[in-house]
Amino acid sequence: MPTSPSVERHPKFQHPLVLLGQQRESPRLQKCLEHCGVTGPVALISAGWEEDEEDDQWVRDAVDVPVVNSRLYTLADELFRQDPEVLTLLRERQDRLRALREVNELQLEHLGAVARELWQRLERNAAAVAPWHQTLGQIQDVDSRYLKSVSAVIKEYDRRIAPQQRRSVLEYRRAVLDRLRGCQALLLAGGHVGVLLNRLNLCRLLKHVQLPTIAWAGGAMALGERIYFYDHFIPHAQREVELSRQGMALYRGLQLFPRAAERLNLEDHCELAILAQRLPSRCLLLDQHSEVAWSATGELSVAHVRVVDDQGEVQEWTP
Amino acid sequence: MITLSPEDIQAALVAGDDVLKKRLAGQRFPLVSDSRAIFLYHGVADAVALQHWVYGLPSRIDLQRLGQTHWWMLTLDLPRRSRIEYKLVVRRDGHEHWLLDPLNDRIAHDPFGGNSVVHMTGYEEPEWSQPQTASPQGTFETWSLNSRALGGDREIRMYLPPRYRPNRRHRLLLLHDGDDYLRYSRLAAVLDNLITRWEVPPLVVGLLNPQDRLAEYAASRAHAAFVVEEVLPEIEARYPVIREASGRCLGGASFGGVASLATAWYYPNTFDMLLLQSGSFAFTDIGTHHRGPVFDPVVKFMNRFRDAIGQPAKRFYVSCGVYESLIYENRSLIPLLQTAGFQVKFEEARDGHNWENWRDRLRHALTWLFPVPAWFYYE
């Protein structure tokens with residue numbers, strides 16, 4: 001089990017990077033901007049909120065610098081109107097991904113049930129230990145294969161959409177980049193993480209705009225290596241934490257769980273142990289005051305962050 | 001929590017009417033403790049009875065007069081987490097009066113007026129059904145349709161959700177007795193809350209209302225044609241809804257459940273999802289039924305359906321109160337649907353055949369039928 005993955009910012013990203021828990025109720029964005037030395041306008045990416053992306057007054061109220069909304073979502077909608085083929089292809093891709101997901105869910109459901117049964121036996125039956133590790137290994141295999149299949153579908157549609165040769169997409173990218181010219185930092189909000197990633201990828205925003213970045217909740221998730229969805233409390237939601245796809249990989253070795261106290265059953269050691277042992281990265285729980293930050297020179301600092309250990313226990317994290 | 005026992009009440013009464021009134025001050029009525037409820041009535045009467053709709057108990061249970069006073073009392077054992085609707089029947093001078101319990105301000109309204117309600121220990125009115133003025137709210141539009149199938153104009157009310165966007169493809173829920181769901185099940189508040197929390201996607205909801213309910217909803221082919229051949233195309237022409245079965249759900253309660261199942265059965269592959277609450281799914285294995293002539297077409301349909309289940313939908317949410325006589329018909333539907341390979345969620349509640357029972361099930365129903373967008377949102 002990879003219990004101590006190395007935690008690092010992507011070596012090619014050499015700006016301050018701050019990952020936060022939820023912000024809307026009690027934002028600390030201004031403080032973070034000050035730590036990053038940002039005194040000028042900042043770009044806000046709130047495409048995860050889809051049609052509500054420009055409902056951003058609370059962010060403007062929370063910082064002392066001008067905020068420029070990237071309109072990443074709205075401008076993509078305009079692109080789809082001009083070039084409906086892109087939307088058709090993306091919807092087709094979505095259907096393909098949904099079909100993969102359905103089968104993946106089935107596999108995880110059964111392996112998860114076995115893992116839970118074995119967990120109950122671990123203390124009283126030593127014979128359960130090896131099968132427990134074996135089952136978690138199988139879940140990891142399923143995850144790896146699933147991720148490959150998802151990436152293959154995404155690559156296939158990238159080829160078919162051919163964004164580099166498609167005028168409408170190039171214009172979209174130019175329109176977004178024009179808006180962000182002169183901004184000194186990126187603020188990345190949460191929302192629908194899949195939508196956010198789709199728009200970030202369509203625009204290639206993070207390739208073209210490298211600035212001090214402050215991301216929170218779903219925005220912070222999107223910058224990781226892998227995207228996992230979770231919620232122990234929604235009625236009828238699937239029980240298994242779901243691996244969705246690759247993220248932007250601006251940081252490594254960490255898996256972030258925003259609103260952990262509201263969305264994960266932190267009393268359930270079995271579920272958390274499965275989580276911690278299944279995922280290749282450290283499982284960090286983010287709540288309102290949590291902060292994980294890399295300075296411009298790459299020094300890591302954390303505050304109010306908890307980690308799930310292999311036994312499903314939750315502890316304060318000190319890297 | 002109860003602080004008084006029947007013995008306390010009797011003892012206080014011996015000390016005098018005023019003493020009892022003082023002891024009762026500030027209490028919520030009926031007095032409830034664990035699985036016991038004490039009903040009290042104060043007034044001049046020849047007899048007082050509790051009229052309730054709990055199938056399995058005598059429908060009328062007498063309150064006992066306390067000595068020669070004008071106090072009447074009944075102690076009843078009712079399971080925890082129950083929610084019971086009732087009235088008091090007061091007989092005086094040869095006349096009978098059905099009353100809401102004057103001591104109980106908890107009232108459930110329905111198309112027939114209202115009933116007093118007792119919440120047993122463990123039952124809580126769901127917070128997600130409470131209107132939230134600060135949250136975004138859906139909007140309503142109403143238009144009418146000249147129906148060839150049913151004859152005459154029909155009004156259709158539409159609920160357009162928070163985050164309704166003309167350029168999106170929304171899922172569609174069509175509900176029988178739509179206005180009753182709005183009035184008695186707080187449907188608008190439920191939808192607003194669940195949609196705002198991303199527990200269900202922003203649904204467009206079509207609210208259907210009958211003119212001759214017992215005829216139209218009793219597995220009528222004309223009604224099915226109205227829904228599928230007239231209402232559905234009109235909604236699809238007016239609103240950005242997903243134009244395939246996978247985005248459509250049809251639902252209703254009681255006879256509205258029958259209308260939903262029958263419509264989906266007559267028009268297979270039109271709706272992938274069905275919401276069936278306390279469906280009046282009466283059937284016979286042999287011989288005749290005893291539910292009265294309005295059920296004749298229902299029994300005929302249900303017998304045909306049970307014989308050849310077809311492809312009415314793929315995903316079913318079925319609920320029923322355990323205090324309804326229909327619990328047996330609903331329970332027996334489940335293995336039938338499961339054996340046919342459909343996805344089925346069945347839930348029972350300690351409640352009766354009423355709109356608040358149906359309201360309380362809506363969160364589980366809608367999150368089951370319309371899988372959870374909250375899964376993807378991280379604020």
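Computed from a predicted structure; not experimentally measured. (Residues numbered from 1 in each chain as written. Chains lettered and ligands numbered in written order. Predicted model: local features only at pLDDT ≥ 70, side-chain atom pairs only at ≥ 80, totals over all residues.)

A. A look at the overall build of chain B. Across its full length, chain B holds eleven helices and 19 strands. Here chain B has a C-alpha radius of gyration of 23 Å; the compact-globule value for 379 residues is 21 Å, and the two agree. Referenced to the eigenvectors of the C-alpha coordinate spread, the extents of chain B come out at roughly 70 × 60 × 40 Å. (Helix = DSSP H or I, 4+ residues; strand = E, 2+ residues; numbered from the N terminus. Rg over C-alpha atoms; globule rule 2.2 N^0.38 Å.)

B. Main features of the overall build of chain A. Of the regular secondary structure elements, chain A holds eleven helices and 16 strands. A globule of 319 residues ought to have a C-alpha radius of gyration of about 20 Å, and chain A, at 20 Å, matches this closely. Principal axes of the C-alpha set define a box for chain A whose edges measure 65 × 45 × 35 Å.

C. Layout of the pairing of strand 14 (residues 300–303) of chain A. Residue and element names in this part refer to chain A. Bridge count for strand 13 (residues 291–294) against strand 14 is four bridges, and the pairing is antiparallel. By the bridge assignment, Trp294 is partnered in strand 14 with Leu300. Two successive antiparallel strands, strand 13 and strand 14, enclose a turn made up of five residues, where Gly298 displays a positive phi of approximately 95 degrees. (Pairing = 2+ DSSP bridges.)

D. Representation of the packing of helix 4 (residues 84–121) of chain A against helix 5 (residues 129–161) of chain A. Residues and elements named next belong to chain A. The N-to-C vectors of helix 4 and helix 5 enclose an angle of 180 degrees; their axes lie 10 Å apart at closest approach. When the interaxial angle is binned, helix 4 and helix 5 end up roughly antiparallel. Looking at the contact of helix 4 with helix 5 residue by residue, the classes come out as 20 nonpolar, five polar and three charged. (Axes fitted to C-alpha atoms, helices over the stretch in contact; angles between N-to-C directions. Parallel < 35°, antiparallel > 145°, perpendicular 65-115°, else oblique. Nonpolar A, V, L, I, M, F, W, Y, C, P; charged D, E, K, R; others polar.)

E. Broad picture of the interface of chain B and chain A. With 15 residues of chain B at the interface, the matching set in chain A holds 20 residues. Contributing elements (two or more residues each) for the side of chain B that touches chain A: helix 11 (362–369) and strand 19 (377–378) of chain B. Per-element accounting of the side of chain B that touches chain A gives the leading share, four residues, to helix 11 of chain B. Its residues assigned to classes, the side of chain B that touches chain A comprises seven nonpolar, three polar and five charged. Two elements, strand 6 (residues 191–192) of chain A and strand 19 of chain B, share two bridges in a ladder whose sense is antiparallel. Within the sheet, the bridge partner assigned to His192(A) lies in strand 19 of chain B and is Tyr377(B). (Contact = placed C-beta atoms within 7 Å.)

F. The domain arrangement of chain B, seen in detail. All names here are of chain B. Considered domain by domain, chain B is made up of domain 1 (6–119) and domain 2 (127–376). In this complex, domain 1 contributes 13 residues to the contact, which on the side of domain 2 involves twelve residues. Considering every element that reaches the side of domain 1 that touches domain 2, the biggest residue donor is strand 9 (residues 107–110), with three residues. Taken together, the residues of the side of domain 1 that touches domain 2 break down into six nonpolar, three polar and four charged. (Domains from an automatic or database assignment.)

G. Inspection of the packing of helix 4 of chain A against helix 11 (residues 269–278) of chain A at higher detail. All names here are of chain A. Where helix 4 contacts helix 11, the two axes come as close as 10 Å, and the packing angle between them is 120 degrees. Classified by the interaxial angle, the pair formed by helix 4 and helix 11 is oblique. For the pair helix 4 and helix 11, the crossing hand works out as right-handed. Only Cys270, Ala273 and Ile274 of helix 11 make contact with helix 4, whose side of the interface consists of Gly112, Ala115, Arg116 and Trp119. (Left-handed = near helix turned anticlockwise from the far one by under 90°.)

H. Quick peek at the nonpolar core. With 92 residues, the main nonpolar core has Leu187(A), Ala222(A) and Leu284(A) as its most contacted residues. It is helix 7 (residues 193–203) of chain A that contributes the most residues to this core, seven residues altogether. Filtering out sequence-adjacent residues up to four positions away, Leu284(A) remains in contact with Leu254(A), Gln255(A), Leu256(A), Phe257(A), Val292(A), Val305(A), Val307(A) and Trp317(A). Leu187(B), Leu276(B), Leu333(B) and Leu362(B) belong to the second-largest nonpolar core, a separate cluster that totals 62 residues. (Core = buried A, V, L, I, M, F, W, Y, C linked by C-beta atoms within 7 Å. Buried ≥ 20, exposed ≤ 12 C-beta atoms within 10 Å, placed from the backbone.)

I. Structural view of the sheet that holds strand 17 (residues 315–321) of chain B. Residues and elements named next belong to chain B. With respect to topology, eight strands assemble into an open sheet ordered 11-12-14-13-15-16-17-18, the strand pairing being mixed. The open sheet has two edge strands with one neighbour each: strand 11 (139–146) and strand 18 (343–349). For this sheet, the mean angle separating the axes of adjacent strands, direction not counted, is 15 degrees. Examined bridge by bridge, strand 13 (residues 172–175) and strand 15 (residues 248–253) share four bridges and lie parallel to one another. Across the sheet, residue Leu174 finds its bridge partner in strand 15, namely Leu250. Most of the contacts of helix 11 go to strand 17, to which it runs at about 170 degrees, and overall it touches strand 15, strand 16 (273–277), strand 17 and strand 18.

J. Quick peek at the sheet that holds strand 1 (residues 31–33) of chain B. Residues and elements named next belong to chain B. Pairing within the open sheet is antiparallel, and its four strands lie in the order 1-2-6-5. Unpaired on one side and paired on the other, strand 1 and strand 5 (64–65) mark the two borders of the sheet. Examined bridge by bridge, strand 1 and strand 2 (residues 36–42) share three bridges and lie antiparallel to one another. Across the sheet, Leu31 pairs through a bridge with Ile38, a residue of strand 2.

K. How the structure looks around unusual backbone geometry. Following Phe29(B), the chain continues to Pro30(B) via a peptide bond in cis, the omega torsion being -10 degrees. Phi at Ala162(A) is positive, roughly 45 degrees, even though this residue is not glycine. With respect to the element layout, Ala162(A) can be found in the loop between helix 5 and helix 6 (167–180). At Arg259(A), a position not held by glycine, the phi torsion is positive, near 50 degrees. Relative to the assigned elements, Arg259(A) resides in the loop between strand 11 (254–258) and helix 10 (260–263).

L. Summary view of the environment of Arg83(B). Residues and elements named next belong to chain B. Positionally, Arg83 belongs in strand 7 (residues 83–92). On the neighbour-count criterion, Arg83 (25 C-beta atoms within 10 Å) is buried. Between the alpha carbons of Arg83 and His176 there is a distance of 24 Å; along the sequence they are 93 residues apart.

M. Structural detail: the confidence of the model for chain B. In the predicted model, chain B carries a mean pLDDT of 95, and 99% of its residues have values of at least 70. Scored by ipTM, the complex comes to 0.94, with pTM at 0.82. (pLDDT = per-residue confidence, 0-100.)

N. Looking closely at the environment of Tyr266(B). All names here are of chain B. Among the secondary structure elements, Tyr266 is positioned in helix 7 (residues 255–266). Given 19 C-beta atoms within a 10 Å radius, Tyr266 is considered partly exposed. Between the alpha carbons of Tyr266 and Phe305 there is a distance of 9.9 Å; along the sequence they are 39 residues apart. Excluding residues that lie within four positions of it along the chain, Tyr266 makes contacts with Arg221 and Ala224.

O. Quick peek at the pairing of strand 16 of chain B. All names here are of chain B. With five of five residues buried, strand 16 lies mostly within the body of the structure. Every second residue of strand 16 is oriented toward a common face, with Met273, Leu275 and Gln277 on one face and Leu274 and Leu276 on the other, all of them buried. Taken together, the five bridges between strand 15 and strand 16 define a ladder with parallel strand orientation. For Cys249, the partnering residue across the bridge sits in strand 16 and is Met273.

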